[in-house]
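Chains, contacts and geometry: an overview
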Amino acid sequence: MGKNPVYAEVYIDRPVKELDRPLTYRIPDQLQGQVRPGMRVQVPLGRQGRVQAFVTAITDQRPPVQVRDIIGLIDREPIIDEELLGLARWLADYYVCPLVTAIHTLVPPGKKNSGGTLVALTPRGWAYLNQQDDEEEEAGLEMLEWLAARGGEADAPSLRAMFRSQGQQVLKKLQAAGLVQVEQFKMVGEKGTGKLGIYPAFPPEELAVHLLSLSPRASKSRQALTVACAVPGLTVKELAARAEVTESVIRGLLDKGLLCQKAISLQAEQPERKVVWPRLTPAQQAAFQAIEESIVKGRRKKFLLFGVTGSGKTEIYLRAIASCLERGQTAICLVPEISLTPQIAARFKERFGADVAVFHSRLSLRERHLEWQRIKEGKIKVVVGARSAIFAPLQKLGLIIIDEEHETSYKQDVTPRYHAREVAQERARRTGATLVLGSATPAVETFYRAQQGEFTLLTLAERIDDRPLPPVTVVDMRQELAEGNRSIFSRELQEALRHTLQRGEQAILFLNRRGYSTFVSCRSCGYVLRCPACDVTLTYHSSDQTVRCHYCEHREPSPALCPRCNSRYIRYFGAGTQRVAEEFAREFPGVSWQRMDVDTTSRRGAHETIIQNMLEEKIQVLIGTQMIAKGLDFPKVTLVGVISADTSLNVPDFRSGERTFQLLTQVGGRAGRDVLPGRVIIQTYSPEHYSILRAVEHDYPGFYREELELREMLGNPPFSYLVRLLLSGPREEEVIRGSQLICDWLQPGLQADQSLLGPAPAPLSRLRGQYRWHLAIKGPELEGLRSLGREVLQKWSKQRSGEVRLVLDIEPVSLL
Ligand code: ADP
Ligand code: ZN
Ligand code: ZN
């Protein structure tokens, strides 16, 4: 039979343990020469009829037993190339998950070339899953998790194949709850559809100027213009929907000549632009040269670029990428979702024009799909995006950059629980790419590895133009209270705000907690309102007078009477951003402000509008959660007030000190970024904590030394590796029994240098009605722990009892 291999190894597309191994099928004559690794095919399986499978290899080796024929091809081209298939195998092995789950993580939705119906998790759907590790009996959750394991999206036929007829009902329910969206998409052919798309008639960096040229009342026009810049090439209808304006607003802008209409092409044309590449400072030059040398000579080096905020790290990334492109290579730059602002996107677009694709969560499925297709076709050379952009199917990858490498959002919190930093190292190793991790506050583990020589350390010690880092003052809130100040603003912060506002400058007030209060309690009997499904207190939201759980969807009207003693003394304790805003408005009447947190930015475009308002100085004060801590660059912000540094300090996790230092440094870095000098005021009840003291001095090395000592004393990472086993279920006795069982399995197999922590209730001991217990194994090398975990998972899948679910987390970033 010719010289074509006759057999194919496939993995059935079901994420279950029993099917997580290669099966051999014969390639029938009519498909000879057409089957390649990375394609999907249909194969017969037992009595289940035909099922979908991934081809992982083809071979001449005749299997020892009679095998059945492949029924047909689903794809004409592989949807995943050999390099990424190899990466998927690594992912499955490293994070202990079925290979098909790993493949789905790498391959985006709607892989088919023909178009069709796509089902996808909405941001709300992600949030729902992320706050939740457990399995309810509900079929809906199963579908959500199934989607999540596929990167959040799947085409309708796969969904039908998986969930059969009940699927439709479940889907309708999830859609009604806003947890998933269903979208029709169609591939646009190479020559375009002849449809016209809307583009800004000016280069993106001039957006601010044109916004100013509009009448102050034309807020709809502003919105439309902002969106047209952020997402060029939408149709009139799409743009109207996206910007939440009527189509006549867009026609108005077309008439004014601010927008123009062109045939939609896949290679979106960029307006003429003059790109300015600033001359690098000597420190930048030194760092850049080291990186460039590795790229040019193919040295495959790994760098940690450690530079204070505003020291010009991004400028170095841009240069290094340009250097890659000159050599015909490609690059990936990861940034945390939270800092994927229009500002960052514009900076990359300005330099690389049509060569760059920016992936952020506000892209529609169609847009994302188109971009992915363009990457595969080699039309895109630079990919900027959050976590999953690490899997972009670029060829000739020369450089991977991870900005703010310490960010925990680089870790996925559903299976596979991968960390983009680890994946990046592996992908760089496989492709020979140079790796650059950047941060002003590197993860303790990363800095440790740099000290050990695993990364080459590059340091930028100064801000550009020697702009000073803003001086930081700490205010002891115990003292304030003792001296009779009951406001949530210390006297020093009030004073500083007054001065800043008088000078016509801007301020940021930061509090990492949304809503109005932290908890609601009865003054008479001490009763505290709690979520019926989770072990957390409820937060009061003044906008609609409800109390809500921030971990599940639970909300109810705030009670007028105590549910226990009927007293009327219901009071709100602690502060969230709503309360900060309310008190600010009371103490500074007439000053314009806006709040930016999850509650005010859920509508499309809301995020951009707030940023634009800040840039145009329509508002003087921005009040927000960690959403405002990163990536934003407002030249006129000269004061940053941290309302309470204690929110993150009190989290029961060995990394809470590190997180606090990082957050304070990041948010402080928003002040005085331009010519105006800035200052930072941190309010706290623990002014003597080393995280706060070192943040005040902008002293990362000092913080690192103290933190490292603590880690060493307790044997925590980087002096050990951790693997966490989390059990959850609706009945606590079962969960406890399960964790005891796992403990019994693990105990005898432990090496002398490995230890077992727990079983113990997780700090978040109940979530969405599910009780949670956990264990952690700790040891000097990861492989040993991983195989222990793998064995436990295997045993568990066999004797799985009741409704208890087990999740394995390799190198967890959170132990809640
Ligand atoms: P980081 O990424 O470290 O926060 P950026 O690269 O964003 O720093 O630089 C901070 C500011 O300084 C930006 O406004 C940037 O445009 C500017 N900048 C960076 N490098 C230079 C340079 N070599 N010359 C002039 N301005 C620069
Ligand atoms: Zn009461
Ligand atoms: Zn809840």
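Keep in mind that this is a model prediction, so the values were computed, not measured.

Here is what the cut-offs are and how they apply
Residues numbered from 1 in each chain as written. Chains lettered and ligands numbered in written order. Predicted model: local features only at pLDDT ≥ 70, side-chain atom pairs only at ≥ 80, totals over all residues. Heavy atoms only, no water. Helix = DSSP H or I, 4+ residues; strand = E, 2+ residues; numbered from the N terminus. Contact = heavy atoms within 4.5 Å. Areas by Shrake-Rupley, 256 points an atom, 1.4 Å probe, with all protein chains shown as cover. Donors = N, O, S within 2.8 Å, 3.2 Å for Na, K, Ca; no water. Tetrahedral: all angles 85-135°; square planar, octahedral: opposite > 155°, others 65-115°. Buried < 20%, exposed > 50% of the residue type's maximum accessible area, 1.4 Å probe, protein only. Near = heavy atom within 4 Å. Polar contact = N/O pair within 3.5 Å; in protein donor to acceptor, adjacent residues only side chain to side chain. Nonpolar A, V, L, I, M, F, W, Y, C, P; charged D, E, K, R; others polar. Salt bridge = Lys/Arg side-chain N within 4 Å of Asp/Glu carboxyl O. Expected span 1.5 Å × (residues − 1). Phe/Tyr/Trp six-rings, centres within 6.5 Å; stacked < 30°, edge-to-face > 60°. pLDDT = per-residue confidence, 0-100. Pairing = 2+ DSSP bridges. Axes fitted to C-alpha atoms, helices over the stretch in contact; angles between N-to-C directions. Core = buried A, V, L, I, M, F, W, Y, C linked by side-chain atoms within 4.5 Å. Parallel < 35°, antiparallel > 145°, perpendicular 65-115°, else oblique. Left-handed = near helix turned anticlockwise from the far one by under 90°. Right-handed = clockwise from strand over helix to strand, strands pointing away.

**Some words on the overall build of the protein**
For the protein, the count of helices and strands is 26 helices and 32 strands. By its C-alpha atoms, the protein is 90 × 65 × 55 Å across when sized along the principal axes. Considering only residue pairs separated by 6 or more positions, the protein has 74% of its internal contacts joining residues 24 or more positions apart. Only carbon and sulfur atoms are counted for the fraction: they give 50% of the accessible area of the protein, which is about 34,300 Å².

**Describing the coordination of the zinc ion (ligand 2)**
Those protein atoms acting as donors to the zinc ion (ligand 2) are Cys-522 (SG), Cys-525 (SG), Cys-562 (SG) and Cys-565 (SG), and they sit at 2.2 to 2.4 Å. Between the four donor atoms coordinating the zinc ion (ligand 2), the angles at the centre fall across 105 to 113°, so the site counts as tetrahedral. The exposure class of Cys-525 is partly exposed, given its relative accessible area of 28%. In this structure Cys-562 comes out as buried when scored by relative accessible area, which is 1%.

**Let's talk about the site of ligand 1**
Close to ligand 1 lie 17 residues, the nearest being Arg-279, Gln-284, Gly-310, Lys-313 and Thr-314. A distance of 3.2 Å separates an oxygen atom of ligand 1 from a polar backbone atom of Ser-311. Taken by itself ligand 1 offers 560 Å² of open surface, and the protein chains cover 77% of this. Its residues assigned to classes, the shell around ligand 1 shows four nonpolar, seven polar and six charged.

**Details of the pattern of salt bridges**
A side chain of one charge can pair with a side chain of the opposite charge if their charged atoms are brought near each other. Within this structure, the stated rule accounts for 49 salt bridges. Between Arg-491 and Glu-480 there is a salt bridge, and its shortest N-O distance comes to 3.0 Å. Taken together, the residues span a long stretch of sequence, with Arg-491 in helix α18 (residues 491–502) and Glu-480 in helix α17 (residues 477–482) at a distance of 11 residues. For Glu-480, a relative accessible area of 6% puts it in the buried group.

**Topic: helix α25 (residues 732–749)**
Spacing of three or four residues puts side chains on the same side of an α-helix, whose turn is 3.6 residues. In this model, α25 (18 residues) spans 27 Å end to end at C-alpha, consistent with the 26 Å of a helix rising 1.5 Å per residue. Turning to α25, its buried residues number three or more, namely Glu-734, Val-735, Gly-738, Ser-739, Ile-742, Cys-743, Trp-745 and Leu-746. Each element contacted by the buried residues of α25 is listed here: β29 (721–729), β30 (755–767), β31 (770–779), α26 (782–799) and β32 (805–810).

**With respect to the side chain of Gln-578**
Relative to the helices and strands, Gln-578 resides in helix α19 (residues 577–587). With sequence-adjacent residues up to four places away left out, Gln-578 is seen in contact with Gly-515, Tyr-516, Tyr-540, His-541, Ser-542, Ser-543 and Arg-595.

**Focus: the packing of aromatic side chains**
Evaluated as defined, the whole model comprises 22 aromatic pairs. Ring centres of Trp-90 and Tyr-95 lie 6.2 Å apart, and the angle between their planes is 90°; on these two criteria the pair is classed as edge-to-face. Tyr-95 sits in the buried class, given a relative accessible area of 3%. Look at Phe-519 and Phe-573: their rings are 5.2 Å apart centre to centre, the planes differ by 15°, and that puts the pair in the stacked class. In this pair, Phe-519 is assigned in strand β20 (residues 519–522) and Phe-573 in strand β24 (residues 570–573), connecting sequence segments 54 residues apart. Of the aromatic side chains, those joined through ring pairs into one cluster are Phe-306, Phe-447, Phe-661, Tyr-690, Tyr-700, Phe-703 and Tyr-704.

**Re the confidence of the model for the protein**
Per-residue pLDDT for the protein has a mean of 87; in total, 93% of the residues score no lower than 70. Predicted confidence for residues 265–272 stays below pLDDT 50, and this span has 20 contacts to residues more than four positions away or in other chains.

**A word on the sheet that holds β30**
The strand order across the open sheet formed by four strands is β30-β31-β29-β32, and the pairing between neighbours is antiparallel. Of all strands in the sheet, those bounded by a partner on one side alone are β30 and β32. When strand polarity is set aside, the average angle formed by the axes of neighbouring strands in this sheet is 20°. Two strands pair when backbone bridges link them, and β29 and β32 are joined in this way by six bridges, in the antiparallel orientation. By the bridge assignment, Leu-727 is partnered in β32 with Leu-806. Packing against the sheet, α25 makes contact with β29, β30, β31 and β32, and its axis sits at approximately 15° to β31.

**Some remarks on the coordination of the zinc ion (ligand 3)**
Protein ligation of the zinc ion (ligand 3) involves Cys-531 (SG), Cys-534 (SG), Cys-549 (SG) and Cys-552 (SG), the donor distances falling in the range 2.3 to 2.4 Å. Geometry at the zinc ion (ligand 3) is tetrahedral, judged from its four donor atoms and the angles of 104 to 114° they form at the metal. Site description for the zinc ion (ligand 3): donor spacing in sequence, C-x2-C-x14-C-x2-C. Separated by 18 residues along the polypeptide, Cys-534 in the loop between β20 and β21 (539–541) and Cys-552 in the loop between β22 (546–548) and β23 (555–557) bring together distant segments of the chain. Exposure remark for Cys-534: the relative accessible area of 2% places this residue in the buried category.

**Describing the nonpolar core**
Counting residues in hydrophobic clusters, the biggest one holds 111 residues, and the most contacted among them are Leu-91, Leu-106, Leu-622, Ile-742 and Ile-777. When residues of this core are assigned to their parent elements, the largest contribution, eight residues, is made by helix α1 (residues 82–94). Apart from residues no more than four positions distant in its own chain, Leu-622 is found in contact with Ala-507, Ile-508, Leu-509, Gln-594, Met-596, Ile-610, Met-614, Ile-628 and Phe-634.

**As for helix α13 (residues 342–352)**
Among the residues of α13, Ile-344, Ala-345, Phe-348, Lys-349, Glu-350, Arg-351 and Phe-352 are the ones counted as buried. The inward-facing, buried residues of α13 abut α12 (313–326), β12 (330–334), β13 (356–359) and β14 (382–385). At the exit of α13 stands Gly-353, carrying a positive phi of roughly 50°.

**Comments concerning the packing of α1 against helix α2 (residues 99–106)**
One way to put it is that α1 packs onto α2 with a least axis distance of 8 Å and a crossing angle of 130°. The orientation of α1 with respect to α2, classified from their angle, is oblique. Crossing hand, α1 versus α2: right-handed. The segment α1 lies against α2, with Leu-84, Leu-85, Leu-87, Ala-88, Arg-89, Leu-91 and Ala-92 engaging Leu-99, Ala-102, Ile-103, Thr-105 and Leu-106.

**Observations regarding the sheet that holds strand β18 (residues 472–476)**
Strand order in this open sheet of six strands is β18-β28-β27-β19-β26-β25, and the pairing throughout is parallel. In the strand order of this sheet, the two ends are held by β18 and β25 (593–596), each with one partner. Ignoring strand direction, the axes of neighbouring strands in this sheet form an average angle of 15°. Pairing analysis gives five bridges linking β18 to strand β28 (residues 679–684), with the strands arranged parallel. Among the inter-strand pairings, Val-474 is bridged to a residue of β28, identified as Ile-682. Across the sheet, helix α20 (residues 606–615) is in contact with β19 (506–510), β25, β26 (621–624) and β27 (637–642); its angle to β25 comes to roughly 145°.

**A word on the pairing of β25**
Judged from the four bridges that link them, β25 and β26 form a sheet pairing that is parallel. Pairing of Trp-593 across the sheet is with Val-621, part of β26. Each parallel crossover has a hand, and for β25 linked through α20 to β26 it is right-handed.

**Some remarks on the environment of Ala-760**
Within the fold, Ala-760 resides in strand β30. Ala-760 has contacts with Trp-773 and His-774, leaving out every residue within four places of it along the chain.

**Notes on unusual backbone geometry**
The residue after Pro-717, namely Pro-718, is reached through a cis peptide bond having omega 10°. Take Pro-718: it is sitting in the loop between α24 (700–714) and β29. In this structure, the amide linkage connecting Gly-758 to the following residue, Pro-759, adopts the cis form with an omega of 5°. By the element assignment, Pro-759 lies in strand β30.

**Considerations on the packing of helix α22 (residues 656–668) against α24**
The geometry of α22 relative to α24 is characterised by a closest axis approach of 11 Å and an angle of 170° between their N-to-C directions. If you check the angle between α22 and α24, you find them roughly antiparallel. Along the contact surface, α22 presents Gly-657, Glu-658 and Phe-661, while α24 presents Tyr-700, Phe-703, Glu-707 and Arg-711. By residue class, the composition of the contact of α22 with α24 is three nonpolar, one polar and three charged.

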